[in-house]
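# Architecture at a glance
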Amino acid sequence: WDPREEEEEESEEEDAEEEDEEEEDEEEDYDEAMEHLEDVDLGFGDAGALAIADAMQDNTVVKNLVIRNQAIGDEGCTALANMLEENTSITNLDLSMNHICNVGATELARMMRRNDKLQRIDLRNNLIGDFGTRKLMLGLRKNTRVANRKLKLRSNRVNVNQIFIKREVNLKLGFSKTRTLIEKSRAKMAIKNL
């Protein structure tokens, strides 16, 4: 029996326990950091969106996905919409300042009918026209979470007077029946800035 061997074994066990604790702490830090995946600088448009969609398929941690100004078009938007049909942990999606057109907007509308966890979608400063906006409004009718929260469409290619009927405006703006007429009239004025 050698007491030094016993001390070495105890020391090795303690080191292993410390390493396990450090790994657990690192995993917790990673999970906490990943809760808000924002301002992802992909720099390569649809290909980057496809990569993010693939990586986020089984995500259960990220809540806010912000991919602004990355030249994402309809192909990348479609991949993200497909991912969001299955992914229910993301509650906020920001795809503002990209190149999303009617096809991408239509795919997002299709996704909104199936995903009841998403609460906010920011599509400002894209290339969405009347057709895509109409599809998004129909998607809002099916998804009360987004309808009661927020869908941002300002600075797209939308002719507001042709798109919105009163009910769709109320859905778009998330009015509840308890809101005052003053709030509604202010919001209707704001919609002219879409």
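Refer to the structure printed above.
Presented here is a report on the structure given in the accompanying data block. Residue numbers here run from 1 along each chain, matching the order of that chain's written sequence. The model is predicted, so local features are restricted to residues of pLDDT at least 70 and side-chain atom pairs to those at 80 or more, both for listing and for counting; the totals for chains, interfaces and linings are taken over all residues. Side-chain numbers come from the whole structure's heavy atoms, not from hydrogens or water.

### Focus on the overall build of the chain
The secondary structure content of the chain amounts to 9 helices and 5 strands. Only DSSP runs of H or I reaching four residues or more are called helices, and only runs of E reaching two or more are called strands; each is numbered from the N terminus. Put simply, the chain runs from its N terminus to its C terminus through helices and strands in the order α-β-α-β-α-β-α-β-α-α-β-α-α-α. Here the chain holds 194 residues, and the buried ones make up 41% of them. Accessible surface computed for the chain: about 11,600 Å², of which carbon and sulfur atoms make up 43%. Only protein chains enter the accessibility calculation, which uses a 1.4 Å probe. A residue is then buried if its area is under 20% of the maximum for its type, exposed if over 50%, and partly exposed in between. Only the protein chains shown count as cover for residues, and all accessible areas are computed by the Shrake-Rupley method using a 1.4 Å probe.

### Topic: unusual backbone geometry
With phi around 60 degrees, Ala71 is a residue other than glycine that occupies positive phi space. Tracing the backbone shows Ala71 in the loop between β2 (64-66) and α3 (74-86). The backbone phi angle of Asn125 is positive, close to 55 degrees, even though this residue is not glycine. In this structure Asn125 comes out as partly exposed when scored by relative accessible area, which is 36%.

### Observations concerning the nonpolar core
Residues belong to a common nonpolar core when they are buried Ala, Val, Leu, Ile, Met, Phe, Trp, Tyr or Cys residues joined through side-chain atoms within 4.5 Å. Within the largest apolar cluster, 33 residues are counted, with the highest numbers of intra-cluster contacts made by Leu80, Leu95, Leu108, Leu123, Leu136 and Leu151. Taken together, the elements giving at least two residues each to this core come down to α2 (45-56), α3, α4 (102-112) and α5 (130-142). Throughout, a contact is declared for two residues whenever any of their heavy atoms are within 4.5 Å. If we ignore the near neighbours within four places in the chain, the residues touching Leu80 are Ala49, Ile52, Ala53, Leu65, Ile67 and Leu95.

### Remarks on the packing of α2 against α3
Viewed as axis vectors pointing N to C, α2 and α3 meet at an angle of 10 degrees, and their least axial separation amounts to 8 Å. The angle between α2 and α3 places the two elements in the roughly parallel class. Within the contact between the two elements, α2 uses Asp46, Ala49, Leu50, Ile52, Ala53 and Met56 and α3 uses Asp74, Glu75, Gly76, Ala79, Leu80 and Met83. Looking at the contact of α2 with α3, its residues break down into 8 nonpolar, 1 polar and 3 charged. To obtain each axis, a line is fitted to C-alpha atoms, and for helices this fit is confined to the stretch in contact; angles are then taken between N-to-C directions over 0 to 180 degrees. For classification, angles of less than 35 degrees are called roughly parallel, those exceeding 145 degrees roughly antiparallel, those between 65 and 115 degrees roughly perpendicular, and all remaining angles oblique. Note that Gly is not counted as nonpolar here; it falls among the polar residues with everything else outside the nonpolar set of Ala, Val, Leu, Ile, Met, Phe, Trp, Tyr, Cys and Pro and the charged set of Asp, Glu, Lys and Arg.

### So, α3
Any helix carries an expected span of 1.5 Å times its number of residues minus one. The end-to-end C-alpha separation of α3 is 19 Å, in line with the 18 Å expected for 13 residues at 1.5 Å each. Taken residue by residue, α3 has Asp74, Gly76, Cys77, Ala79, Leu80, Ala81, Met83, Leu84 and Glu85 as its buried positions. In this structure, the buried side of α3 is in contact with α2, β2, β3 (92-94) and α4.

### A closer look at the state of the cysteines
The disulfide criterion used throughout: a pair of cysteine sulfur atoms within 2.5 Å. This model, assessed by the stated rule, comprises 0 disulfides. Here Cys77 is not cross-linked by a disulfide; its sulfur's nearest cysteine counterpart is in Cys101, at 9.7 Å. Classification of Cys77 as buried rests on a relative accessible area of 0%. In this structure Cys101 comes out as partly exposed when scored by relative accessible area, which is 26%.

### Describing the side chain of Asn59
Note on placement: Asn59 falls in the loop between α2 and β2. Looking at Asn59, its side chain comes within polar contact range of the side chain of Ser89, at 2.6 Å. Apart from residues lying up to four places away in sequence, Asn59 is in contact with Asn87, Ser89 and Ile90. Any N or O atom pair separated by 3.5 Å or less is treated as a polar contact, with the protein-specific requirement of one donor-capable and one acceptor-capable atom, and with residues adjacent in sequence counted only for side-chain atom pairs.

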